[in-house]
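Residue-level listing of the chains:
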Amino acid sequence: MSGAALGIEIVFVFFLSLFLLHRYGDFKKQHRLVIVATLLAWYLCFLIVFIIPLDVSTTIYNRCVARNAVTPTTVNVSQFVTTAATVTNGTRRLLYSEPRSDDNPPQECSKPWSYIPKGIMPIFWRVVYWTSQFLTWILLPFMQSYARSGGFSITGKIKTALIENAIYYGTYLIIFTALLIYVAVNPNLHLEWYQLQTIGIAAANTWGLFLLVLLLGYGLVEIPRSHWNGAKKGYLLMKTYFKAAKLMTEKADAEENLEDVMEEVRKVNECIKYNHPLRKCVDTILKKCPTEYQEKMGRNMDDYEDFEEKNIAYPSEKTLVKLHKQVIYSVQRHRRTQVQWRILLEQAFYLEDVAKNETSATRQFVYTFPPQETENWLIRHVYTPTVEWYWECFLHPWCSRILAVVLVLFSAVVVWSECTFFSTHPVLSLFAVFLQQAEKTYNYIYIEVACFLTIFFLSICVYSTVFRIRVFNYYYLASHHQTDAYSLLFSGMLFCRLTPPLCLNFLGLTHMDVSISHQNTEPTAYTSIMGSLRVLPLIADGFYIYYPMLVVILCIATYFSLGTRCLNLLGFQQFMGDNDMTSDLTDEGKELIRREKRKRQRQEDGETRRRDWKERYGNNREDTSRNRNAHSDQKESSYTEMTTNRASKYSRPNNRTERDRIELLQDAEPLDFNAETFTDDPLEADSGRYQPAGRYLSMSKSNSKIFDDV
């Protein structure tokens, strides 16, 4: 089994990263380089989390061998503790051996099932760490600007990316120069390549730890609370109504923004003709527009009108680059809100069904809108309506409460350990106590499971916050393949910056970091390659010790929702539950869901009537076909008469009913401007011209939708 566990986890983590990326990204529409770069960043970060427990168990075995060896064991490790001694080559030979007396006979060291031979882990960690650092500090920021650039050529996009990242890289250079001056002034430190590497690692870990504590403090409270509130279906339903009201506002804003951008594209398309030097740029912009807008703008375009030098203010290439960037952003945002709205409707309908079925006497789950029948035999015959009722209305709430209590205990242990991990005599960190007790019996299965659960919980608290946070509309990880390239690359940057300090913090909590435990023992391969927390005295003795204690303050602030209240005061509506603004938005969302439900019911009723009509009159197909042919002949015979009387088509009718019907069809303004009166897309395929706003819709469309709310 030597190395087999490492190989299995490498393959498993790859497919896990691929599955998550497929859930948030779109493999068909996004650029392959964006997919590959994001997948590599996520894969390396998740790989560190899954391999750390194997490194811990292997290190404990190596310590046992070193303690019971007849001769001292010589191990080469990278020395990251800066002392007054002169460091010549960046490494120091440490003797990990303890004097053995007759009272302490040698113990038999059983090799763990997941033992990794020496020499593999240092190379593995070196490749993973420096590759992730190259991605997060150099490649991914450049690719972000490249993906969001509106340039029409590779050279133009590269130029834009370099200009946008000049300030970004300049900030790094200033910080690195400041630390370099500090090392040069300090007489105890020497300017060598090893020292420069140490400064870079210290800067990266410090930046990552600063953000890590902020995200961890939020996740330690919010994750247990979300599972506890998940047991309250009424709470979830009210929160869904609140989300519906906010999403409808965002959806309307996205539609309006798209219409404005498409209007600009239409003007540019009409202005720049086919033989204009910038026509290729306009064609590139048109390819990024939705299909219906392309058809509308293509119909009224005169391709045979030549370009002439006239006194017309033609847009410049810089203006087209800006417009191209706006088109990419507005189309992605519009598509995302449309998909999210449909998903949110399904969630709201399902939660309303759960609320209704809780009082059901038959104890069978009944849907308002039955889902499509699945072809899976197990689901159809095992997960019956009765089983579904017991799960959704009885078992699921209790399971959510039990899970929330377990997560609360985990959070309490993490908070306590974060505040006491620096104490070695006595050992106060609970994670260190558990691991040291398991180390005495060399129960490697327990050691790996305990380490995996600990670092997995820490990772969930941090990574889930990364998936939840939203920086306006620039960074937003949306599921169901609706995340844009910029957000995917930004998430890869965050993961690569957070994971190394997260794992170092985990090793500090368990006292596997020799700089925290202050023991003359063999360090893990992770700390020996990537550096210990004790890098520079100013940072190691102050920031790394006291800053993690702030997680207590952040947990208290999250528990009392101080951040949510501040956002409400600033005008960003958040779900509070006891706020007047929250109640208003909840009522608005409830009305929106009710309106959509009525629309869905009318559609299903119409389909049911058509299906019944087909079943009832299905045997009379021959008569129907015969009548259709006769009607076709009648239309063909009267074609001449219709062409000769075209002038009488628009004459004023004498029939009152006919006059009322024509007045209704020729009404200049629609009678209802509500969102449900019209379709979500302002452009219909039946219209023959570009219509940028809802009030310019064709009269035939208003006629077909005018009685939808009756």
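Not measured: the values here are computed from a predicted model. (Residues numbered from 1 in each chain as written. Predicted model: local features only at pLDDT ≥ 70, side-chain atom pairs only at ≥ 80, totals over all residues. Heavy atoms only, no water.)

**Quick notes on the overall build of the protein**
Cut-off, in case you're wondering: The numbering of helices and of strands both runs from the N terminus, where a helix is a DSSP run of H or I of at least 4 residues and a strand a run of E of at least 2. Here's how the labels work: a residue is buried when its accessible area is under 20% of the maximum for its type, exposed when over 50%, partly exposed in between, all with a 1.4 Å probe on protein chains only. Any two residues whose heavy atoms approach within 4.5 Å are treated as being in contact. Here the open area of atoms and residues is found with the Shrake-Rupley method and a 1.4 Å probe, where only the protein chains shown may cover a residue.
If you tally the helices and strands in the protein, you get 24 helices and four strands. By residue count, 42% of the 710 residues in the protein fall in the buried class. Pairs at least 24 apart in sequence give 76% of the contacts found in the protein among residues at least 6 apart. Only carbon and sulfur atoms are counted for the fraction: they give 59% of the accessible area of the protein, which is about 39900 Å².

**Description of the environment of Val387**
Among the structural elements, Val387 can be located in helix 11 (residues 385–420). Exposure remark for Val387: the relative accessible area of 38% places this residue in the partly exposed category. The spatial distance from the C-alpha of Val387 to the C-alpha of Phe365 is 8.3 Å, given a sequence separation of 22 residues.

**Brief notes about the nonpolar core**
What counts is decided by this rule: The nonpolar core is taken to be a set of buried Ala, Val, Leu, Ile, Met, Phe, Trp, Tyr and Cys residues, with the residues joined through side-chain atoms within 4.5 Å.
Of all hydrophobic cores here, the largest spans 90 residues; its most connected members are Ile52, Val56, Trp125 and Leu220. Broken down by element, this core gets its largest block of residues, 21 residues, from helix 2 (residues 32–67). Counting residues in hydrophobic clusters, the runner-up holds 18 residues, among them Met262, Ile285, Leu320 and Val331.

**Re the pattern of salt bridges**
What counts here: In what follows, salt bridge is the name for a side-chain nitrogen of Lys or Arg lying within 4 Å of a carboxyl oxygen of Asp or Glu.
One pass over the structure, following the stated rule, counts eleven salt bridges. Where Glu222 meets Arg225, a salt bridge forms, and the shortest distance between an N and an O atom there is 2.9 Å. Pair noted here: Glu222 and Arg225 are both in helix 5 (residues 193–230), with a separation of three residues, about one helical turn. Overall, the relative accessible area of 15% leaves Glu222 in the buried class. Overall, Arg225 belongs to the partly exposed group, its relative accessible area being 22%. Salt-bridge contacts for Lys597 lead to Glu352; the nearest nitrogen and oxygen are separated by 2.4 Å. Here Lys597 is found in helix 20 (residues 580–616), whereas its partner Glu352 is found in helix 9 (residues 317–357), with 245 residues between them in sequence. Here Lys597 matches Glu352 in class, with each residue buried.

**What to know about the packing of helix 7 (residues 279–288) against helix 9**
Definition in use: The angle between two axes is taken between their N-to-C directions and runs from 0 to 180 degrees, where each axis is a line fitted to C-alpha atoms and a helix contributes only its stretch in contact. Any angle between 65 and 115 degrees counts as roughly perpendicular, while under 35 counts as roughly parallel, over 145 as roughly antiparallel, and the rest as oblique.
Remark: helix 7 packs on helix 9, axes separated minimally by 9 Å, with the N-to-C direction vectors making an angle of 10 degrees. Comparing the axis directions of helix 7 and helix 9 gives the class roughly parallel. Residues Cys281, Val282, Thr284, Ile285 and Lys288 of helix 7 lie in contact with helix 9, whose contacting residues are Leu320, Leu323, His324, Val327, Ile328 and Val331.

**Considerations on the confidence of the model for the protein**
We count it as follows: A score between 0 and 100, pLDDT records how confident the predictor is in each residue.
Per-residue confidence for the protein averages 77 on the pLDDT scale, and 74% of its residues sit at or above 70. Counted against residues more than four places away or in other chains, residues 70–103, with its pLDDT under 50, gives 65 contacts.

**Digging into the side chain of Gln338**
Formally: Polar contacts here mean pairs of N or O atoms no more than 3.5 Å apart (in protein, one a potential hydrogen donor and the other a potential acceptor; neighbouring residues in sequence count only if both atoms are side-chain atoms).
Note on placement: Gln338 falls in helix 9. In this structure the side chain of Gln338 is engaged in a polar contact, spanning 3.1 Å, whose partner is the side chain of Glu255.

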